[in-house]
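Coordinates in review
Next come the chains, spelled out residue by residue.
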Protein chains: 2
Amino acid sequence: MTAQRDDATWTDFLAGSLRPRGTGLSLQGQLLRHLRTGILDGRLPAGSRLPGSRQFAATMGVSRNTVTAVYELLGAEGYIEADRSGTRVADLRRPAPPSAAAHVARSPSLSARAMRIPRRAAVAGDGFALRPGVPALDRFPVAAWKRCLDEAIARRGHEALGHGDPCGELELRAAVLRHLAMARGVRATPDQVVITKGAQEALALCVRLLADVGDTAWIENPGYRGAQDAMAAGGVDVVACAVDDAGIVIADDDWALRPPKLVYTTPSHQYPLGSVLSASRRLALLRNAAAHGAWIVEDDYDSEFRRSGESIGAMQGLVPDAPVLYVGSFSKTMFPALRMGFLIVPSSLLPAMRPVLGELLRGGRRFEQLALADFIRDGRFGRHVAAMRRLYRERRDALRDALGKHLRLPHTITGGDSGMHLALHLPAQVPDRRVAFLAREHGMAPEALSAFVSSATPTCNGLVLGYGNTEASRMDDLVATLARLIDRSLTGDRR
Amino acid sequence: MTAQRDDATWTDFLAGSLRPRGTGLSLQGQLLRHLRTGILDGRLPAGSRLPGSRQFAATMGVSRNTVTAVYELLGAEGYIEADRSGTRVADLRRPAPPSAAAHVARSPSLSARAMRIPRRAAVAGDGFALRPGVPALDRFPVAAWKRCLDEAIARRGHEALGHGDPCGELELRAAVLRHLAMARGVRATPDQVVITKGAQEALALCVRLLADVGDTAWIENPGYRGAQDAMAAGGVDVVACAVDDAGIVIADDDWALRPPKLVYTTPSHQYPLGSVLSASRRLALLRNAAAHGAWIVEDDYDSEFRRSGESIGAMQGLVPDAPVLYVGSFSKTMFPALRMGFLIVPSSLLPAMRPVLGELLRGGRRFEQLALADFIRDGRFGRHVAAMRRLYRERRDALRDALGKHLRLPHTITGGDSGMHLALHLPAQVPDRRVAFLAREHGMAPEALSAFVSSATPTCNGLVLGYGNTEASRMDDLVATLARLIDRSLTGDRR
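Residues numbered from 1 in each chain as written. Chains lettered and ligands numbered in written order. Predicted model: local features only at pLDDT ≥ 70, side-chain atom pairs only at ≥ 80, totals over all residues. Heavy atoms only, no water.

Brief notes about empty space enclosed by the protein
Within this structure, the stated rule accounts for 5 cavities of 30 Å³ or more. If you go around the largest cavity, you meet 30 residues; those closest to its centre are A:K197, A:R365, B:K197, B:R339 and B:R365. Of all the elements in the fold, those that place two or more residues in the lining of the largest cavity are β3 (193–196) of chain A together with β3 (193–196) of chain B. Looking at the lining of the largest cavity residue by residue, the classes come out as 10 nonpolar, 9 polar and 11 charged. A volume near 90 Å³ is recorded for the second largest cavity. In terms of residue count, the dominant contributor to the lining of the second largest cavity is helix α14 (residues 366–377) of chain B (3 residues). Grouping the constituent residues of the lining of the second largest cavity by class yields 8 nonpolar, no polar and 5 charged. (1 Å grid on protein atoms, 1.4 Å probe; cavity = no way out; pocket = protein on both sides within 12 Å on 5 of 7 lines; lining within 4 Å. Points joined across faces, edges and corners; volume = space filled by probe spheres on them. Helix = DSSP H or I, 4+ residues; strand = E, 2+ residues; numbered from the N terminus. Nonpolar A, V, L, I, M, F, W, Y, C, P; charged D, E, K, R; others polar.)

A short note on helix α4 (residues 64–77) of chain B
Along an α-helix, a turn takes 3.6 residues, which lines up residues three or four apart on a common side. Look at α4(B): 20 Å from first C-alpha to last across 14 residues, which is about the 20 Å you get at 1.5 Å a residue. Within the span of α4(B), buried status applies to B:T66, B:V67, B:A69, B:V70, B:Y71, B:L73, B:L74 and B:E77. Looking at the buried positions of α4(B), the neighbouring elements they touch are α12 (279–292) of chain A together with α2 (27–40), α3 (53–60) and β1 (80–83) of chain B. Residue B:G78 follows α4(B) closely and has a positive phi angle near 90°. (Expected span 1.5 Å × (residues − 1). Buried < 20%, exposed > 50% of the residue type's maximum accessible area, 1.4 Å probe, protein only. Contact = heavy atoms within 4.5 Å.)

Observations concerning the interface of chain B and chain A
Interfaces are often sized by the accessible area lost when the parts come together. Between chain B and chain A, the residue contacts involve 117 residues of the former and 118 residues of the latter. Here chain B and chain A share an interface that buries about 9900 Å² over both sides, 61% of which is from carbon and sulfur atoms. Put simply, chain B and chain A have 6 salt bridges between them. When the shortest N-O distance is used, the salt bridge between B:R365 and A:E368 registers 3.6 Å. For the pair chain B and chain A, the number of links is 24 residue pairs in polar contact (both at pLDDT 80 or more). The residue makeup of the side of chain B that touches chain A, split by class, is 59 nonpolar, 28 polar and 30 charged. (Buried area = accessible area lost by both parts, 1.4 Å probe. Salt bridge = Lys/Arg side-chain N within 4 Å of Asp/Glu carboxyl O. Polar contact = N/O pair within 3.5 Å; in protein donor to acceptor, adjacent residues only side chain to side chain.)

Remarks on the side chain of A:S489
Turning to its location among the elements, A:S489 is positioned in helix α17 (residues 475–491). Residue classification places A:S489 among the buried residues on the basis of a relative accessible area of 14%.

Some details on the relation of the copies chain B and chain A
Between chain B and chain A, which share one sequence, the superposing operator has a rotation angle of 180° and an axial displacement of 0.0 Å; the RMSD is 0.1 Å. A rotation of that kind, with that shift, is consistent with a two-fold axis. Across chain B, the rotation axis passes nearest the C-alpha of B:D150, at a separation of 4.0 Å. When the interface residues of chain B are mapped onto chain A, 100% of them again fall at the interface, so both copies present the same face. (Least-squares fit on C-alpha atoms with pLDDT ≥ 70 in both.)

Re the domain arrangement of chain A
As far as domains go, chain A holds domain 1 (3–89), domain 2 (141–382) and domain 3 (385–491). Of note, the centres of domain 1 of chain A and domain 3 of chain A, computed from C-alpha atoms alone, are 68 Å apart. (Domains from an automatic or database assignment.)

Some points on the pairing of strand β12 (residues 421–425) of chain B
Residues and elements named next belong to chain B. Of all 5 residues that make up β12, 5 are buried, and the element is covered over most of its length. Residues H421, A423 and H425 line one face of β12 and the alternating positions L422 and L424 line the opposite face, and both faces are buried. Examined bridge by bridge, strand β11 (residues 412–414) and β12 share 3 bridges and lie antiparallel to one another. The partner of T414 across the bridge, within β12, is A423. Once β11 ends, the chain turns through 6 residues before running back antiparallel as β12, passing G415 with a positive phi of about 85°. Here β12 pairs with strand β14 (residues 462–466) via 5 bridges, running antiparallel. (Pairing = 2+ DSSP bridges.)

Quick notes on the environment of A:F335
Assignment of secondary structure puts A:F335 in the loop between β9 (324–329) and β10 (341–344). Of the residues examined, A:F335 reaches a relative accessible area of 3% and is grouped as buried. Between the alpha carbons of A:F335 and A:V134 there is a distance of 8.3 Å; along the sequence they are 201 residues apart. Beyond its immediate sequence surroundings of up to four residues, A:F335 is in contact with A:F140, A:W145, A:F330 and B:L161.

Okay, here's the thing in structure tokens:
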């Protein structure tokens, strides 16, 4: 191609460019984008010579500096190349644009492990009635929380913008511990406390730090699905242990047969059945874990909301140096969007764990952490939890009364002594998943009890009913509707 | 044991209890703790009968309700048991307290995979000079950020306390996308944007969603260690690809030999060398990835701070439906403690990915997300980035000048066109890790270039010098000290 023809090509091309298109881009940005597109789509062919920057600037009515900057950048990107005879469009051997369809045909969407993640019913919004795990959002003292945040920002300002300690602000770790020592009998020092973005991250850390692919973990059945997910994500083999009214059932033989690396349990209020792990089982578990080199992961969710007097103490503090990793979250005592939880690691593991945690965790969220420390220290946290305990008792009573009034089938209720949900056990012929599904249409999101079962044969059937975010005055109407749905599910009536 | 003896045991035991100990516990709490301890340590022996609640209440001078509540709770915990003849202390077969030492002797601390996580030098504080990756913390407009937060809390209040969309607030996803479309040429719709807690979480999602254990990933060498960590954590085999002054080097043969599932690259500003991936390599990479069913993970870190005119566009937007997952973070454009980043997924993957993301992500952090959306929309984000671009140019120039003035060894500098760091290449005989180590004592935290190399034989040697959080006026002194440390490291002088 001759220099004249190149010039003509460029003049034609440039003539059509640079109409202001409201892109918000600078003149230079528009020029760049236009030239890149022209080179990619072949209107400016490979090998064609660029006009000199002076000529280009004059043609386009832009400053020569702009043109020089554009050329430099196109050069750095490899769109144009300088040689002895001037600057030319590079040969990009431009491919046909890869089509999304062709790509996906070759690459069968997600990884096998992602495909194995169970796709449950889409999570209901927080506004659904009877949804487990949602606290009374409208009762949270937002104004007081905002004051704590404001004060943290005012007090620490620029100083708290950096990464900070990967395990969290020491102020918060100390405040959490003081609270837990008193409320739950936890024994530790602040350096054993690790702030996480929730119980789920704490569980994932336990798995990664203490178990290898192919190791065994015991979990409760029925049980918290998040624990099972965390084990599966870490490649750990899960053994599901039965649960009765004294918590997780483990025979002494089990320890000999297939000793686990991790035992996940919810001793204060088994999820979802609500039983309390008995003292003798707690001690046997602690003794056997120590003897077999296993670690107990104690998920102490909801324990703050225990109603019958004092809370049951944590396993973590039952004996000195218990082989327990203690997991908790502020999602229910504060609010779900806070995304903050904690892990308390045994002091014996601390020297080995600290450098690894430094690599795995990134710290940050310091204003929120400082605000939360303040909120706990000033007693606002304790007062809020106490108020919610009273509120949830009222809501639970209303729910129980309504169930007694409207349910005609034989049923039992477990787990109402703590937390924000109870388990309603129904006869095996009630299709609990179908009832849970139908309830969505009526603005309710109870969960099917059988969905918490990890063995092939369901060990329980019924509904998990959350009452945290549902007003007592609504219970009667809601349960009347639910009772109707249950009756219809048995007769096959789909109205 | 007779009832009389039991009564005597209890009277003795109770006499010694309940001295106010400033624990902050209620009377009931103190009683509970005291009784639990007595049962666990054997002072209240298994089988001994409890006094009736009326008698107990009278002895202790507490209300009968308190005693009834305590008994109920001890019963629920399994410490005491009711039988026909009354209530007795349960037989807990109390073990000797597991000693931490014995436990650790059996269980060799952490998992094998945790032990494989490289323990690098403890991370320096954000206040260290020349530390890579830290922005100018003292220049961040904290007051403006606080106003955005306050407004988000005032505007949404209780409504934003719940979980929300697992992929993030739509307001933020739309604001991020508008910004990226303009600044980086990214092509997507807001539902393709996933808000994460940083680039690292985005990388971990890419690995888990798209690669299985034993799959291959290509990464840059030298390169970002976080990418290598994410691949290793996901069980993916890493192939380290060389980097030259036109970015990652991939031969066509490589695709035939060992095609990867993922290719991790930093095309706008290779980390840490700073080269720009050429247009022809970009297109070849896109074409080959599409043909082989691989996914490109484009980490567009630091691209906002490009100095020579307009930023180089993202690979994500170079062709329609590019097989690219686009990763970014607000740690440097905003501040590290914010812990917020994003992932933009190809639209073709969205239908398969959405339900899985719903299971893996928990949403939340809504006030922060809404505040950030506001900060971006109102142009404060753009103005801050522009101001930092000017500031970093000044700091980079001061650093370059100082290096030219003080360094007597032959050296080259790369990567100063963008971001907040440059790479100083030094002769192979300079022990770069030792220099980096010695610099700590002088309040500096440059990183050794060889530490970014993942192959056995180091392909580069020198220092990565961050200038984001170091004032221009300090560069001369700092570099003079650094030059002295380099000279001494060669002569073995340890002063």
